[in-house]
Structure formats: structure tokens, C-alpha cells
Amino acid sequence: MNKVLLGRYLPGSSFIHRLDPRSKLILSFYFIIIIFLANNWLTYLFMFAVVAGCILLAKIKLSFFWKGVQPLIWLILFTVVLQILFSRGGTVYWQWGPFSLTQTGIISGIYVFFRFVLIIFMSTLLTLTTPPLEIAGALESLLKPLKKIHFPVYEVSLMLSIALRFVPTLLDEATKIMNAQRSRGVNFDTGSLRQRLHAVVPLLIPLFVSAFNRAEDLATAMEARGYHGGEGRTKYRVNQWRLRDTLSMFAFLLVTVIMFLLRTW
Amino acid sequence: MDLSINFKNVTYIYQPATPFAHRALSDVSFSIPEHSYTAVIGHTGSGKSTLIQHLNGLLRPTSGELTVNDQLITTTTTNKELVKLRRQVGVVFQFPEAQLFEETVLKDIAFAPKNFGATPAEAEKIARKTAELVQLPASVLEQSPFELSGGQMRRVAIAGILAMQPQILVLDEPTAGLDPRGHQEIMELFAQLKQQQDLTVILVTHQMDDVALYADQVIVLEEGKIMAQQTPRKLFSRPEWLHKHHLDLPHAAKLAFAIQQQSNFKFKELPLTEDQLADQLAKWLPKEGSSN
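About the cut-offs
- Residues numbered from 1 in each chain as written.
- Chains lettered and ligands numbered in written order.
- Predicted model: local features only at pLDDT ≥ 70, side-chain atom pairs only at ≥ 80, totals over all residues.
- Helix = DSSP H or I, 4+ residues; strand = E, 2+ residues; numbered from the N terminus.
- Rg over C-alpha atoms; globule rule 2.2 N^0.38 Å.
- Contact = placed C-beta atoms within 7 Å.
- Nonpolar A, V, L, I, M, F, W, Y, C, P; charged D, E, K, R; others polar.
- Domains from an automatic or database assignment.
- Pairing = 2+ DSSP bridges.
- Axes fitted to C-alpha atoms, helices over the stretch in contact; angles between N-to-C directions.
- Buried ≥ 20, exposed ≤ 12 C-beta atoms within 10 Å, placed from the backbone.
- Parallel < 35°, antiparallel > 145°, perpendicular 65-115°, else oblique.
- Left-handed = near helix turned anticlockwise from the far one by under 90°.

Chemist: Mind showing me how you'd approach the overall build of chain A here?
Modeler: In terms of helices and strands, chain A carries ten helices and two strands. Secondary structure of chain A in N-to-C order comes out as α-α-α-α-α-β-β-α-α-α-α-α. For chain A, whose C-alpha radius of gyration is 23 Å, the value lies well above the compact-globule estimate of 18 Å for 265 residues. Principal-axis analysis of the C-alpha atoms gives chain A an extent of 65 × 55 × 40 Å.

In C-alpha cells:
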């Protein structure tokens, strides 16, 4: 249960850690978009260099990023295989019905793999260097303009914060309940699929009960402290846009320019 | 069969080889004789919960080994080898009512016996007997456990463990959050069971009164290390040591120390329980009364 890396924050004080969460959020999305500009080896190499630079700046061990890729490896390989089998063009090595193995297919398969790895590395970097609540806060602040069209920005961001806040709590709770049921002879790890599904019932029911109880307690606690929606509420953490955020924006603009140059190399 | 518990250089590290690595137990060695009542005390985060999760193999040591009921548990012991042990070691976790899930109280109590191979009829019989043991009124047996009061839910959860008929009973603050009467009833029940069935009991607690009343020996944990293992009497006769380790005295002992400090009365033997305190004071008070 503790192996989940998703939403895991590694405290630190590197350049990346100290960036405004809003600029980290914007740049991560922006990076995912410009990955699609890559169309040849040189551009992919350059994208990897950019990610490597960011990772170096964050002072986080590379092994963490591989751990981010691991849970998704089957999804990635599946997509890669589809890409290889269904793309056509260039030399044909093998063909069977609708499936074919071509030069273009293999190359685009490799590109897809790179794209996945790049996206996962970048989003892992975002979650490793930014506490989940700051990401939610940044999202709220970036979505503010949508208030004009009556999008419930505050409520959505509150829901997101609460959900993120309770992920570790629920994981803890799940571990506790699993331990209790294991002590009563439940076997979660072995047995047929049917037996294993059966074993999940004594885990899920108490987990739901406790989640509902927690939700009620939280609602009571919020009301007791005078919660009345987002109107006029001030923030404890105030984001501040600094020179380094502006600099990072320019750096990524430069990256875009270089990408365009390398595309037509 | 040897029912004792032996820890040999057990170290446990949560999430080793990550920046979140946390050493919860370091090089812990001790033994608990069979049929004894052992209290484990220490502050939050001292490693008590980690320690008891080793007793039925929920956690396996990062290094070192332990034997429980002749079953050796090392880093590589598999879950399969531990099935037998899980039946012999009943663990009542903190706030055990979190484990309730069945439709009726009776079914929930019968859950563990069924898992360990009892037929439904046998399991039900055991469940009825255990429910009586923990003083659950017969009227609640067919109700949903979620409709009961907090105190009754706790009894159902405890019955769910006792129904396994374990030889070793591990209790992690079993009465936390109960009212004083519920607390006393449950603690008396465990003491009685220990007597009748010759159980080995391990109690994790913050209540020094319980340590004084029930335990034969105390293990003091601090930051994953064992600071002391001795009888309650020896432990509580060193108030400076306890103070240094931020541990409390039983209420009776505390009062006795206060009396000693503010009067010329000397206790022959430090009273640990209310009864002992009352006995010694009773011998003293009439004398005082008659001299006035």
C-alpha cells in the first residue's frame, strides 16, 4: 500500500521546488503539448535533454522517475504494439491480414514509447516537487476566469483538495483493515480469482463505512468553524509570482523555438 | 509445544531504501514466557504497533528473526506458512470496530472461525458462546453490527477475535475511547479469560493503572528500542527514571508518593493499586485518629 508513488511529494528546496505551483502546472501542460512537435530523433533527444535538465534542477534521483513509469508499462507497451502493427509506410518486413510490420511502424512505435516516458517523467516531476494541496490551489487560481461563466471553480477545487488530502488517510485505513482481516484469517494474496474477489468484501465494506463517517465528521468540523463557501475566504498560502517563474516561462519559449528549428533540420 | 515468544535482533524499517525510510524497531531482542501477562508501554511512535504486528506475521522483520509458538518468522517467511500461527495468535487492534462488515453480529463473530476451517454450524455455536462471554445481550445477535452503540460494537469486534480461540492474545489499547465502566468490564474479561484458558496476553497500553493491576512484566519501548523489561513493581519504584522517559505512575502510586512527601508516613511497599493503597492507609489512619 505504501508503494504508490502517485501524488507523492518529496520535500526539498531546489529551484523546481521553489517555483510557483501555478507556473509548474502551466509548464507541465505546456511541455506535454510541445512534445507533439517532436518528429525526428533530434527533437526527441532534445526533449529528453530538457527533462533531464529539469530533473537535475529538482535534485531528485532518477530511480523515482522509473518507478513512475513501472505501473504504466503494460499500457505503454500495448499502445506501442498497436502503433507498430497498424502503421504503414516504408519497407515492409512482414504482413498478415490487417497487421504489418513496417519501417514507419517501428519508428513511430519507438516515438510513442518516448512520448509516454517523457510525459510520465514530467508529470512525476510536478507531483514530486509540489504538495498535492498546492496543485489544487494552483488549479483553482488558474481556473478563476471561468467564474464568469458560472463554473463552480471554488467547489471543484475544494473537492479536489479534499480528495487529494484523504488519499493517504484512506490508504492508511485500508492497510489497517487489511491487517485486522488478515488476523481473522482472510487471505488477500493467494487463491483463485473468485476467492480473491470474495476476500475484498471484508475490506471494502469497512472502508466505505469509515469513509462515510469521515465525510460526516469533516462536514461537521467545517460547519463548526464557520465554513460558508468560497465567497470572501482568504488563503493561508498565497502564491507569489517571482522572477524565477518568469525566467522558466522564457526558458520554455526558447525550448519551443529550438523545437521548431530542429523539426526542419 | 513451546508457547513462548522470542525476538532475536529484530529490526524493522518501513519503506527501506527510499527517502521515506523509517526505522520503527532497531535490534530488538526479548522473550515473553508462555502464560504470562505482558504490558508494552511507550509513547506514540515508539514502535509498539510495529512490534505487535510481528507477533502474527503481518510484518516480517527487515533483519533478525523471531519465534512465536515454535513458528520461526524471518524476512523470507511466506504468508502460507503463517496461516496456522494466525489462528493461534488473536490480535485485537486499536479501535477494532473498524473490522466489522457482516450483515449480523453473529455472522461477524463467526467470520474468523469459518476462515480457519470451522463448519458454519460449528462457527455459529462458537459465535453464540463468545457473544455470551463478552456479555452481548442475545437480542443484538441478529442485528446489524452498524446499528449498535460504540461500546457494543467494540464487544462484537473483540468477540470476533476471541472466537478464534487463540492461545496468545494481543491487545492494542483495547479499551481506548470506552467509558470507565466498559473499560473495567473488558479488562476484567481479559484477565478472567487468561486465568481460565491459560492464555499468554500481550497488552499495549497507556494506562499505567492497567499495567499495575494485570501485568506480570512490562516492556518499555522508546524510539524502537527496548528501554526496560521488568516487573511493574520494579518499574514503578523508579519514579525518576519514569519521569526521565516521560512515563506516568499508576494513580495509586502517584498519590502514595504525594502522601509520603507531605507527611511523615512511609509506605512499607509502594502501593500500585487502589486496594494496596487503601490497605496500607487503613492501618495508619485509625492510629492517627486515636491519637487526636
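Chemist: Please clarify how the interface of chain A and chain B should be interpreted in this entry.
Modeler: Accessible area lost upon the coming together of the parts serves often as the stated size of an interface. Between chain A and chain B, the contact holds 21 residues from the first and 21 residues from the second. Among the elements that make up the side of chain A that touches chain B, the one with the highest residue count is helix α8 (residues 153–183) of chain A (seven residues). For the side of chain A that touches chain B, the per-class residue count stands at nine nonpolar, eight polar and four charged.

Chemist: Where do I start with the domain arrangement of chain B in this structure?
Modeler: Residue and element names in this part refer to chain B. Taken domain by domain, chain B comprises domain 1 (5–233) and domain 2 (250–292). Here the C-alpha centroids of domain 1 and domain 2 sit 36 Å apart. Listed as interface residues are six residues of domain 1 and, on the opposing side, four residues of domain 2. Of all the secondary structure elements, the ones that give two or more residues to the side of domain 1 that touches domain 2 are α7 (208–214) and α8 (232–236). With four residues, the single largest contributor to the side of domain 1 that touches domain 2 is α7.

Chemist: I tried to follow the domain arrangement of chain A on my own but got confused; where do I start?
Modeler: All names here are of chain A. As far as domains go, chain A holds domain 1 (8–130 + 239–265) and domain 2 (132–233). Contact with domain 1, which involves six residues of that partner, is made by eight residues of domain 2. When grouped by side-chain class, the residues that make up the side of domain 1 that touches domain 2 number three nonpolar, two polar and one charged.

Chemist: Looking at this model, I keep getting lost on the sheet that holds strand β3 (residues 37–41) of chain B. Mind explaining?
Modeler: Neighbouring strands of a sheet are bound in pairs by backbone hydrogen bonds; such pairs are parallel or else antiparallel. Residues and elements named next belong to chain B. The strand order across the open sheet formed by six strands is β6-β7-β8-β3-β9-β10, and the pairing between neighbours is mixed. Strands at the two margins of the open sheet, each flanked by one partner only, are β6 (89–92) and β10 (225–230). Each strand axis lies, on average, 15° off the axis of its neighbour in the sheet, ignoring direction. Direction of pairing for β3 relative to strand β8 (residues 200–204): parallel, over a ladder of four bridges. If you follow Ala-39 over to β8, its bridge partner there is Leu-203.

Chemist: Mind showing me how you'd approach the sheet that holds strand β4 (residues 63–68) of chain B here?
Modeler: Residue and element names in this part refer to chain B. Strand order across the open sheet formed by four strands is β2-β1-β4-β5, with antiparallel pairing between neighbours. The two strands at the open ends of the sheet, each matched to only one other strand, are β2 (22–32) and β5 (71–73). Within the sheet, the average angular offset between the axes of one strand and its neighbour, ignoring direction, is 20°. Direction of pairing for β4 relative to β5: antiparallel, over a ladder of three bridges. Paired with Leu-66 across the strands is Ile-73, a residue of β5.

Chemist: Help me understand unusual backbone geometry, please; the structure alone is not making it clear to me.
Modeler: With the exception of glycine, the majority of residues adopt a negative phi angle, and the majority of peptide bonds are in the trans configuration. Residue and element names in this part refer to chain B. Of note, His-35 is a non-glycine position whose phi angle comes to about 60°, a positive value. Inspection of the secondary structure puts His-35 in the loop between β2 and β3. Here Glu-173, not a glycine, exhibits a phi torsion of approximately 40°, which is positive. For Glu-173, a count of 19 C-beta atoms within 10 Å gives the class partly exposed.

Chemist: Just to check I follow, could you spell out the environment of A:Gly12 for this structure?
Modeler: Residue and element names in this part refer to chain A. Mapped onto the elements of the fold, Gly-12 is located in the segment before α1 (15–18). Between the C-alpha atom of Gly-12 and that of Leu-118, which follows or precedes it by 106 residues, the distance is 22 Å. Not counting residues up to four positions away in its chain, the partners in contact with Gly-12 are His-17, Lys-59 and Thr-129.

Chemist: Can you help me understand the packing of helix α3 (residues 41–58) of chain A against helix α6 (residues 103–129) of chain A in this one?
Modeler: Residues and elements named next belong to chain A. Orientation of α3 relative to α6, taken along the N-to-C sense of each, is 20°, at an axis distance of 11 Å. On the basis of their axis angle, the class for α3 and α6 is roughly parallel. Crossing handedness for the pair α3 and α6: left-handed. Contacts between α3 and α6 involve Tyr-44, Met-47, Phe-48, Val-51, Cys-54, Ile-55 and Ala-58 from the first element and Tyr-111, Phe-114, Leu-118, Phe-121, Met-122, Leu-125 and Thr-129 from the second. Considered class by class, the residues forming the contact of α3 with α6 number 13 nonpolar, one polar and no charged.

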